[in-house]
Amino acid sequence: MASNGSGKNGTNPLDAMGAFFSKQVERRKLVTSQKHALSTLLSSAGETFPGSEHRPADRARWMAELGPDRVRVHQVVWPGTHDSATNKIGIPFVTRPFAQCQSLSVYEQLATGARVIDVRVQEERRVCHGVLATYPVDVVLDDVKRFLGETQSELVILEIRTEFGHDDPPEFAKFLVEQLGDHLIQQDEAVFHKTIAELLPRRVICVWKPRKSPAPKPGEPLWSAGYLRDNWIDTDLPETKFESNIKFLGQQPPVADRRFFYRVENTVTPQADNPVLCVRPVTRRIRGYARLFIAEVFAKGLGDKLQIFSTDFIDGDFVDACAGVTKARVEGTA
């Protein structure tokens, strides 16, 4: 008897293949449409916001330039990096493009002006992104300490979490305290209204987010997960992420009333059902609209809510935008 070409479930493989490709075509159209929408918004709305003209003389010391005795913690718009320690993850040209979110080392990011570092670890104290692991977390801590040794008034938020699907490294909180020692600013809600000068010489707010180990408690050297929050949505659609970021930011209290850090990530991420799986071309869909996002935040009356703003593949212009808003807040023009 001749085959009718159906699979085990009665469907024709050719029909299934056709449906798959049709879905991908529609998906690409949607991505293109959303990219066009952001481009159109940029053309009509522009990128001007309080402090948008500011360019630090030295990005490695942009906080010091604004005056440690003038800048309060809650006034800072903190430029951050997403999956910060992935510059050497995976095998070059093989697995790295699927997991690398930064091309600079953590030290280079800090010297460029980043002030929030996002690190994921696994049970052996190695940095990881999903199933891929890279160098030991000691490399990150050494980079942070090197940067602190070369500057005097720059604060750093170091977020370290156990990656999904992994176990906490044994006695990791103790390890972090031993490594960072006198640099650590202890968990205390009064910090948000203090000036940088009032916190010196301590300069690191280290947020430790374990999966099963006990969370840090008030007064301890490390900060617990509740002090660094976000509303992450996993999408590769740039306009969808842009609008979601604005919606959730609008639900937050103003920074002056907030007793936690709130992060907005100017990123989109590859999806398993889409043929474009490399990080760089996907995140490029939204990466260039960071200044537009800040401008829209102010246009919608949300400028007093922006706090941590993070990106993939950080560059100087992103840092300048965050430093500019911080300067405007300190000077009372934002």
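Residues numbered from 1 in each chain as written. Predicted model: local features only at pLDDT ≥ 70, side-chain atom pairs only at ≥ 80, totals over all residues. Heavy atoms only, no water.

Re the overall build of the protein chain
Okay, step 1: The helix and strand tally for the protein chain stands at 10 helices and 9 strands.
Okay, step 2: Its C-alpha atoms give the protein chain a radius of gyration of 22 Å, within 12% of the compact-globule value 20 Å for 334 residues.
Okay, step 3: In terms of principal-axis extent, the alpha carbons of the protein chain reach across some 85 × 50 × 35 Å.
Okay, step 4: Here the protein chain, with 334 residues, has 51% of them falling under the buried criterion.
Okay, step 5: Restricting the contact set of the protein chain to residue pairs at least 6 apart, pairs at least 24 apart contribute 75%.
Okay, step 6: For the protein chain, the accessible surface area stands at approximately 14900 Å², while carbon and sulfur atoms represent 52% of it.
Okay, step 7: The averaged location of the 43 negative side-chain charges in the protein chain is 2 Å from the averaged location of its 43 positive side-chain charges. (Helix = DSSP H or I, 4+ residues; strand = E, 2+ residues; numbered from the N terminus. Rg over C-alpha atoms; globule rule 2.2 N^0.38 Å. Buried < 20%, exposed > 50% of the residue type's maximum accessible area, 1.4 Å probe, protein only. Contact = heavy atoms within 4.5 Å. Areas by Shrake-Rupley, 256 points an atom, 1.4 Å probe, with all protein chains shown as cover. Lys, Arg positive; Asp, Glu negative; His and termini not counted. Charge placed at Lys NZ, Arg CZ, Asp CG, Glu CD.)

A few points about the packing of helix 4 (residues 137-150) against helix 5 (residues 172-180)
Okay, step 1: For the pair helix 4 and helix 5, interaxial distance at closest approach is 11 Å and the crossing angle is 30°. Compared by their axis directions, helix 4 and helix 5 come out roughly parallel. Once helix 4 is placed against helix 5, the crossing between them reads as right-handed. Of helix 5, the residues touching helix 4 (which contributes Val137, Asp138, Leu141 and Lys145) are Phe172, Phe175, Leu176, Gln179 and Leu180.
Okay, step 2: Looking at the contact of helix 4 with helix 5 residue by residue, the classes come out as 6 nonpolar, 1 polar and 2 charged. (Axes fitted to C-alpha atoms, helices over the stretch in contact; angles between N-to-C directions. Parallel < 35°, antiparallel > 145°, perpendicular 65-115°, else oblique. Left-handed = near helix turned anticlockwise from the far one by under 90°. Nonpolar A, V, L, I, M, F, W, Y, C, P; charged D, E, K, R; others polar.)

Here we look at unusual backbone geometry
Okay, step 1: For the bond running from leucine 200 to proline 201, omega is 5°, close enough to zero to count as cis.
Okay, step 2: As for its placement among the helices and strands, proline 201 is situated in the loop between helix 6 (196-199) and strand 6 (204-209).
Okay, step 3: One non-glycine residue with positive phi stands out, namely aspartate 83, at about 45°.
Okay, step 4: Structurally, the position occupied by aspartate 83 is in the loop between strand 1 (78-81) and helix 3 (106-112).
Okay, step 5: Aspartate 83 sits in the buried class, given a relative accessible area of 2%.

Section: a nonpolar patch on the surface
Okay, step 1: The grouping of Ile91, Phe93 and Val94 at the surface amounts to a nonpolar patch, some 380 Å² of accessible area in total.
Okay, step 2: Classification of valine 94 as partly exposed rests on a relative accessible area of 47%. (Patch = residues over 30% accessible without salt bridge, like charges linked within 9 Å, V, L, I, M, F, W, Y side chains within 5 Å. Salt bridge = Lys/Arg side-chain N within 4 Å of Asp/Glu carboxyl O.)

Focus: the environment of phenylalanine 313
Okay, step 1: Along the polypeptide, phenylalanine 313 turns up in the loop between strand 9 (308-311) and helix 10 (316-330).
Okay, step 2: Separated by 30 residues in sequence, phenylalanine 313 and threonine 283 place their C-alpha atoms 9.0 Å apart.
Okay, step 3: In contact with phenylalanine 313, not counting residues within four places along its chain, are Gln100, Cys101, Gln102, Ser103, Val279, Arg280, Thr283 and Arg287.

A word on the UniProt feature "domain: Phosphatidylinositol-specific phospholipase C X" (unreviewed entry) in the protein chain
Okay, step 1: UniProt feature "domain: Phosphatidylinositol-specific phospholipase C X" (unreviewed entry): in the numbering of this structure it lies at residues 74-209.
Okay, step 2: Counted over residues 74-209, helix gives 25% and strand 24%. Its end C-alpha atoms are 22 Å apart. (UniProt positions renumbered as here; feature names shortened; annotations may be inferred.)

So, the packing of aromatic side chains
Okay, step 1: Enumeration according to the criterion identifies 9 aromatic pairs in this entry.
Okay, step 2: A ring pair is formed by phenylalanine 192 and tryptophan 223, whose centres lie 6.0 Å apart and whose planes are at 90°; its orientation type is edge-to-face. One end of the pair, phenylalanine 192, is in the loop between helix 5 and helix 6; the other, tryptophan 223, is in the loop between strand 6 and strand 7 (228-230), and 31 residues separate them in sequence. Accessibility classification places phenylalanine 192 together with tryptophan 223 in one group, the buried group. (Phe/Tyr/Trp six-rings, centres within 6.5 Å; stacked < 30°, edge-to-face > 60°.)

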